[in-house]
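In case you want the letters, here they are:
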Amino acid sequence: MRIGVVVFDEHARTAFGDERLANPGQVWASVAGGSPFQVENMSSDLNNDVIWWTNLLYDDNRGGRLSRSGGFRHEAWLRCGFTSLMSELGLDLNGSNGPRTARVMATLGDRVVQLATKRFGISELHAYRFNEDVANSITDAQCRIPEQYWQVVDPIAEHGYVSTTCHSSMRENMSTITITRNRVRHARQVLATKLPDDEGWRLHEGSISEHNLEEMDTPFLVRCTVNGMAPIVEDILPIRSESNGIREWLTDVEWKKMREYANIKIGALLLGDSSSMCLNHAVPEDDLAELSFSQGLLAEQVWTGVASRKRRNTGRWGFSAAAAWLRSADKMAMFEHVRFLHERGVNVSHYGFGNMIVRYAPGELEHVIGTAIEAGLLPPLSKVQALRNGSIREGN
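Residues numbered from 1 in each chain as written. Predicted model: local features only at pLDDT ≥ 70, side-chain atom pairs only at ≥ 80, totals over all residues. Heavy atoms only, no water.

A few words on the sheet that holds strand β14 (residues 317-318). One open sheet accounts for three strands, arranged β6-β13-β14; its pairing is mixed. The outermost strands of the open sheet, each flanked by one partner alone, are β6 (142-143) and β14. Pairing analysis gives two bridges linking strand β13 (residues 310-312) to β14, with the strands arranged antiparallel. Considered in β14, the bridge of Lys310 is made with Gly318. (Pairing = 2+ DSSP bridges. Helix = DSSP H or I, 4+ residues; strand = E, 2+ residues; numbered from the N terminus.)

And the structure:
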């Protein structure tokens, strides 16, 4: 499999459409291992035997009819957006930077795919998101959770990003920065979670002590009421429902963490099958892997792919039990980092999937970046470079 990128500058992305296929504007392309080149004709300049990763949004991609060709992928092909990854790596499309950006991004995409091919035996790319191809190579491609539990599991997993209540009080003139956790380290923690099977759930009869629940090795769900929430975490609570109240059902991962900050009264208990599994073997164990950007992206493909929706035997789509547990583990891990920043006056508006979005006022960027680094998080290199060079003076 050959991987390349097609990078549209802002003008080309805006103008790109059906009538512009033969003259898309300032567009650079590169195949991993080759030299970048400027695209003049989308039909004739790009080889059909290459998977072309673009920085076009899905709607842009579809609007330009690229999605009709199996060789093109939109900007979120590696789940994290093309532009966001550029920012993390300190890349841009300003001036003469297009060729370098195309070459680096093509190398990155190719490296991730080659690692996946070697580790998971992926020989063909079928999905428009690479994490689906990865997940299908290591887990069941179908969701088998019984219908009576759909309304229990789906609300846990369907909101991957937590929206904090701090978000509503933020001023309009604030800028944003996306801060990530080390992807390999985060995937190791998330994938170390014991994942229940979709089948074999049973309602527990009788009472059970919290001590016994703490010691229980089997995954479980508790239906509960939460009271007495510690004020420090109310604004960043990761267990809210769609109506912004607290969800009725919590996974064992959520229950164990949240009871540190609140009084939780258990009303019912669902026990999973005892044959739980972990997928931590899917991520390299050596410490050097944490230093590799491509290893980090592949690790993210693993857990986010398993945590994605799957087709049910009814033909509808929904979340597996494993997806609910992985997303719970992700949010609980990020919650601790968000709490650290929150206590130090950093305004996190959303978090999940191993990253957080921080909003900051003019003059606050240096404090945000310093606090993130203190917390062991990774601010994007583009913001660090701009701050160091003095090109960001007012926090933009």
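What follows is about the packing of helix α5 (residues 130-138) against helix α11 (residues 293-306). With their axes 8 Å apart at the nearest point, α5 and α11 run at an angle of 75° to one another. It follows from the interaxial angle that α5 and α11 lie roughly perpendicular. Facing α5, whose interface residues are Phe130, Asn131, Val134, Ala135 and Ile138, α11 presents Leu298, Gln301, Val302, Thr304, Gly305 and Val306. Residues of the contact of α5 with α11, tallied by class, amount to seven nonpolar, four polar and no charged. (Axes fitted to C-alpha atoms, helices over the stretch in contact; angles between N-to-C directions. Parallel < 35°, antiparallel > 145°, perpendicular 65-115°, else oblique. Contact = heavy atoms within 4.5 Å. Nonpolar A, V, L, I, M, F, W, Y, C, P; charged D, E, K, R; others polar.)

Right, let's talk about the sheet that holds strand β1 (residues 2-8) for a bit. Working definition: the strands of a sheet are paired by backbone hydrogen bonds and lie parallel or antiparallel to each other. Pairing within the open sheet is mixed, and its five strands lie in the order β3-β2-β1-β4-β5. The strands lining the two open edges of the sheet, one partner per strand, are β3 (37-38) and β5 (72-73). With five bridges joining them, β1 and strand β2 (residues 27-31) adopt antiparallel strand pairing. Each bridged residue has a counterpart across the sheet, and for Gly4 the counterpart in β2 is Val31. Along the sheet, helix α4 (residues 98-120) makes contact with β1, β2 and β4 (50-54), crossing β1 at roughly 145°.

Of all hydrophobic cores here, the largest spans 105 residues; its most connected members are Trp77, Met105, Phe130, Met356 and Val358. Among the elements that make up this core, the one with the highest residue count is helix α12 (residues 321-343) (12 residues). In this structure Met356 touches Ile177, Thr178, Ile179, Met334, His337, Val338, Leu341, Val348, His350, Tyr351 and Leu377, once residues within four positions along its chain are discounted. Counting residues in each nonpolar core, the second largest holds 12 residues, with Phe8, Val39, Leu46 and Trp52 among its members. (Core = buried A, V, L, I, M, F, W, Y, C linked by side-chain atoms within 4.5 Å. Buried < 20%, exposed > 50% of the residue type's maximum accessible area, 1.4 Å probe, protein only.)

Time to look at the packing of aromatic side chains. Two descriptors summarise a pair of aromatic rings, namely the distance from one centre to the other and the angle between the planes of the rings. Per the stated rule, a full pass over the model turns up eight aromatic pairs. With a centroid separation of 5.9 Å and an interplanar angle of 65°, the aromatic rings of Phe220 and Trp255 are classed as edge-to-face. Separated by 35 residues along the polypeptide, Phe220 in strand β10 (residues 220-227) and Trp255 in helix α10 (residues 252-258) bring together distant segments of the chain. Residue Phe220 shares its accessibility class with Trp255, and that shared class is buried. For the ring pair Tyr261 and Phe335, a centre distance of 5.5 Å and an interplane angle of 80° mean the geometry is edge-to-face. (Phe/Tyr/Trp six-rings, centres within 6.5 Å; stacked < 30°, edge-to-face > 60°.)

Looking at the protein as a whole, its pLDDT mean stands at 88, while 90% of the residues score no less than 70. Counting interchain partners and residues more than four positions distant, the pLDDT-below-50 stretch residues 18-22 has 11 contacts. (pLDDT = per-residue confidence, 0-100.)

Taking 1.5 Å per residue as the helical rise, α4 with its 23 residues ought to reach 33 Å, and the 33 Å between its terminal C-alpha atoms agrees with that figure. Looking one or two places after α4, you find Gly121, whose phi comes out positive at around 70°. (Expected span 1.5 Å × (residues − 1).)

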